[in-house]
Structure formats: structure tokens, C-alpha cells
Amino acid sequence: MAECSSSNLSTADKLADRMKRLKELHLKRNEARQLNHQEVVEEDKRNKLPSNWEARRRKAEWILNDEEQKKQAEQKGEDYDRVKLLNVGADEAERLEKKRRKANPDTGFADYEQATIRQYNRLVRNMKPDLDNYGKQKEKLGDAFYGGRNTILHGLHNDSKEGIDAMVSDLEKQISKREKYSRRRMHNDDADIDYINERNMKFNEKLERFYGQHTTEIKQNLERGTAV
């Protein structure tokens, strides 16, 4: 009788153990299913991002970190450019300078299209991205954030007051900088020609500006033929 009871108990224990393991397997399967679903969603989001998203994100993080270090240096009363250069070796500084010149060579004025492109790239580099606001807008708008060909964007985006103020400030800086440029002066036919080309003309103008008051009498004597 005792052996029968022990045998039944053993069978019940084995069944309970199997049911427990089966339940654990179900839980693990459901957990794996959820993880796979999350990974599929994340992969779909990554596929919808621009191809250079990672590079742009790293650059934005570097800009934010650089701005934070600059702010800390200003609070301490330090020159941030000087502090930053103290941590850069001479060979590294030379390499960065060569890279900067190669990436943005000063080719001078070619045509208005090239000048507009250079100005656009310069303005884009000076923009400071707000990643927190970017993430909130992306979460709020969903698929409409990137605006496909069938998406109506009107009314979806609202410009913030800070963004409008930044745009106005930038335009005022451009206007102020443009006013400092002097318009190219037309050639004066009545002026004395004492140069052989435009470069020599600029050089003579600099000489006249710095030494003209000291050489006026000598030049007049040479023109009259009374020079000693």
C-alpha cells in the first residue's frame, strides 16, 4: 500500500515538474517573440532613416559636446580655442588644418551659383541641431515626419519662437556683413596711370595710402622737372 502511494506521488511530482518546465518554455517563447518583434520594428525604423544618419548623429553629438565645453570654459573665464589647442599636438593640428583647407578650399568667386552653394554650406555648418526636439517631432508625426510624396505637410510643423528669432538674428548678421563690403569702383579715365596691371595698381594704392603724404613734394618736383 505504501509502495503504491509512493509511486502515485512520484508520478504526480514528475507531472508537476513537466508542467512547470512547459510553462517556462511558453514564457521564454513569448519573451523571444516580443524581442523579435521589437527588433523588427527597430530595423524598420533604421531602414527608413537617411543613409548618412549615423554620421549626422555623431556630428550633432560632437557639436553639442563642443558647445558644452565652450560654455564651461566661458564660465571659468578661459579662452576655449586656446584650451582646446593645448590638448592637440602640432602634427595633429597640421593634419586638421590640411583637412579643413581640402574640404573647403577658397576658390574665390567663380559664379553666383557656386557662391550660393558655399553660403548654404556655411550656414548649414553653423546650425546647432536640437536632438531632443527632433526626437519629439519624429515621435509625434510618425511616418509623416519625412514627408512622402502623398503626405500633406501643411499644418504639421509649427516654427518655434526660438527658431524664428535665430533666423532673424542670422539674417541681420548677413545684412550687417554685406554692408561692410565695398562695391567695386569703376575705372577713372582721368586718373594718372602709374601701373602696368591690376596687381601693381593695388600695390601703388597701398604705397600712396601709407607714404603719400611724405612723397607728394618729390612727385611734384619729378613731374615739373625741378627735382635735384
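Structure: see above.
The rules behind each value
Residues numbered from 1 in each chain as written. Predicted model: local features only at pLDDT ≥ 70, side-chain atom pairs only at ≥ 80, totals over all residues. Heavy atoms only, no water. Helix = DSSP H or I, 4+ residues; strand = E, 2+ residues; numbered from the N terminus. Areas by Shrake-Rupley, 256 points an atom, 1.4 Å probe, with all protein chains shown as cover. Salt bridge = Lys/Arg side-chain N within 4 Å of Asp/Glu carboxyl O. Buried < 20%, exposed > 50% of the residue type's maximum accessible area, 1.4 Å probe, protein only. Patch = residues over 30% accessible without salt bridge, like charges linked within 9 Å, V, L, I, M, F, W, Y side chains within 5 Å. Lys, Arg positive; Asp, Glu negative; His and termini not counted. Charge placed at Lys NZ, Arg CZ, Asp CG, Glu CD.

Student: Explain the overall build of the chain here, please?
Tutor: Assigned secondary structure in the chain consists of eight helices and zero strands. Split by element, the accessible area of the chain, about 21,700 Å² in all, is 52% carbon and sulfur.

Student: Is there a simple way to think about the pattern of salt bridges in this case?
Tutor: Close approach of charged atoms allows side chains with opposite charge to pair. In the structure shown here, the tally under the stated rule is four salt bridges. Here R57 and E61 are joined by a salt bridge, their closest N and O atoms 2.8 Å apart. Here R57 and its partner E61 are both found in helix α2 (residues 53-75), four residues apart, which amounts to about one turn of the helix. For E61, a relative accessible area of 38% corresponds to the partly exposed category.

Student: Help me understand a negative patch on the surface in this model?
Tutor: A surface patch of negative charge is lined by D192, D194, E205 and E223. Among the secondary structure elements, D192 is positioned in the loop between α7 (161-179) and α8 (198-224).

Student: Sorry, what's going on with a nonpolar patch on the surface here?
Tutor: A surface patch of nonpolar side chains, about 410 Å² in accessible area, is lined by L15, M19, L22 and L25. Of note, L22 is situated in helix α1 (residues 2-48).

Student: Whenever I open this one, the environment of K84 confuses me. Can you help?
Tutor: As for its position among the elements, K84 is in helix α3 (residues 80-86). Owing to a relative accessible area of 35%, K84 belongs among the partly exposed residues under this scheme. Here the alpha-carbon distance between K84 and A73, two residues eleven residues apart in the chain, equals 9.8 Å.

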